[in-house]
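Chain and residue survey
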Amino acid sequence: MLADAEEAGASFIVTEDVDDFADTDLETLSIAAVNPDLFLSSCTAEAGYREALDFLAELSRNPRVTPEELHSRLGRVHPLTVHAHRAAFASSPTTATHNPPSEMYRGTRCLRCLRTDLETTQFGFCENCTTAGSG
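What comes next concerns the included structure. Note that the structure is a prediction, hence the values are computed from the model and not measured.

1. A few points about the sheet that holds strand β3 (residues 105-106)
Here 3 strands make up an open sheet; going across it, the order is β1-β2-β3 and the pairing mixed. Of all strands in the sheet, those bounded by a partner on one side alone are β1 (12-14) and β3.

2. Some remarks on helix α4 (residues 46-59)
Taking 1.5 Å per residue as the helical rise, α4 with its 14 residues ought to reach 20 Å, and the 20 Å between its terminal C-alpha atoms agrees with that figure. Tyr-49, Leu-53 and Ala-57 are the residues of α4 that are buried. Buried residues along α4 cover an arc of 70° about the axis, so they all sit on one side. Residues of α4 that are exposed and point over 90 degrees away from its buried face: Ala-47, Glu-51, Phe-55 and Glu-58. Buried residues along α4 sit in contact with α5 (67-74) and α6 (79-84).

3. Structural notes on unusual backbone geometry
Following Asn-62, the chain continues to Pro-63 via a peptide bond in cis, the omega torsion being 10°. When you line up the elements, Pro-63 lands in the loop between α4 and α5. A positive phi angle, near 55°, is found at Ser-30, a position not held by glycine. Summarising the element assignment, Ser-30 is placed in the loop between α2 (23-29) and β2 (32-34).

4. Regarding the packing of aromatic side chains
Within the structure shown, the criterion is met by 2 aromatic pairs. Note on Tyr-49 and Phe-89: the rings are 6.3 Å apart at their centroids and 65° apart in plane angle, and the pair reads as edge-to-face. Highlighted residues: Tyr-49 in helix α4 and Phe-89 in the loop between α6 and β3, separated in sequence by 40 residues. Take Tyr-49 and Phe-89: they sit in the same class, and that class is buried. Its guanidinium or amino end placed over the ring of Phe-89, Arg-50 lies 4.5 Å from that ring's centre, counting from NZ or CZ.

5. Side note on a nonpolar patch on the surface
A cluster of nonpolar side chains, namely Phe-55, Leu-56 and Leu-59, defines an oily patch on the protein surface of about 310 Å² accessible area. Relative to the helices and strands, Leu-56 is located in helix α4.

6. A word on the pattern of salt bridges
Evaluation of the coordinates by the stated rule reveals 2 salt bridges. Ionic pairing is found between Asp-23 and Arg-106, a salt bridge with its closest N-O pair at 3.6 Å. On the criterion of sequence distance, the pair formed by Asp-23 in helix α2 and Arg-106 in strand β3 is long-range, its members being 83 residues apart. Across the pair Glu-103 and Arg-106 runs a salt bridge whose closest N-O atoms are separated by 2.6 Å. The partly exposed category is assigned to Glu-103, whose relative accessible area is 24%. Take Arg-106: its relative accessible area is 14%, and that puts it in the buried class. Salt bridges sharing common partners tie together Asp-23, Glu-103 and Arg-106.

Rules used in this analysis
- Residues numbered from 1 in each chain as written.
- Predicted model: local features only at pLDDT ≥ 70, side-chain atom pairs only at ≥ 80, totals over all residues.
- Heavy atoms only, no water.
- Pairing = 2+ DSSP bridges.
- Helix = DSSP H or I, 4+ residues; strand = E, 2+ residues; numbered from the N terminus.
- Expected span 1.5 Å × (residues − 1).
- Buried < 20%, exposed > 50% of the residue type's maximum accessible area, 1.4 Å probe, protein only.
- Arc of directions from axis to C-beta.
- Contact = heavy atoms within 4.5 Å.
- Phe/Tyr/Trp six-rings, centres within 6.5 Å; stacked < 30°, edge-to-face > 60°.
- Lys NZ or Arg CZ within 6 Å of the ring centre and 35° of its normal.
- Patch = residues over 30% accessible without salt bridge, like charges linked within 9 Å, V, L, I, M, F, W, Y side chains within 5 Å.
- Areas by Shrake-Rupley, 256 points an atom, 1.4 Å probe, with all protein chains shown as cover.
- Salt bridge = Lys/Arg side-chain N within 4 Å of Asp/Glu carboxyl O.

In structure tokens:
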């Protein structure tokens with residue numbers, strides 16, 4: 001998977017299995033492994049989030065679900081994403097039903113500024129972005 005990500009010029013591998021990737025391999029390739037919930041909560045604008053849920057609601061069939069219902073249901077598996085976009089919908093998120101992974105992020109590329117030459121926190125932000133109130 002790392003070879004494919006490198007070939008594609010990827011900055012991130014979005015995966016539930018962040019801990020499957022060795023720090024040295026990620027650092028060598030300047031790629032970071034990030035949990036989907038952390039990635040979506042950090043890298044998705046509210047307009048894009050709303051658009052995605054509108055699209056998924058349109059595709060729903062049996063039963064039909066609204067974007068608000070999807071937002072609420074996402075809370076079960078993506079609590080960070082739902083919290084980050086809580087202003088987008090009036091519905092309350094469903095309580096998370098799974099334990100959060102032990103590791104949400106691994107690598108040296110900042111989720112916000114994309115720089116690779118700085119130390120990152122456990123949530124994928126460099127000190128500059130965290131200090132600036134972005135992380």
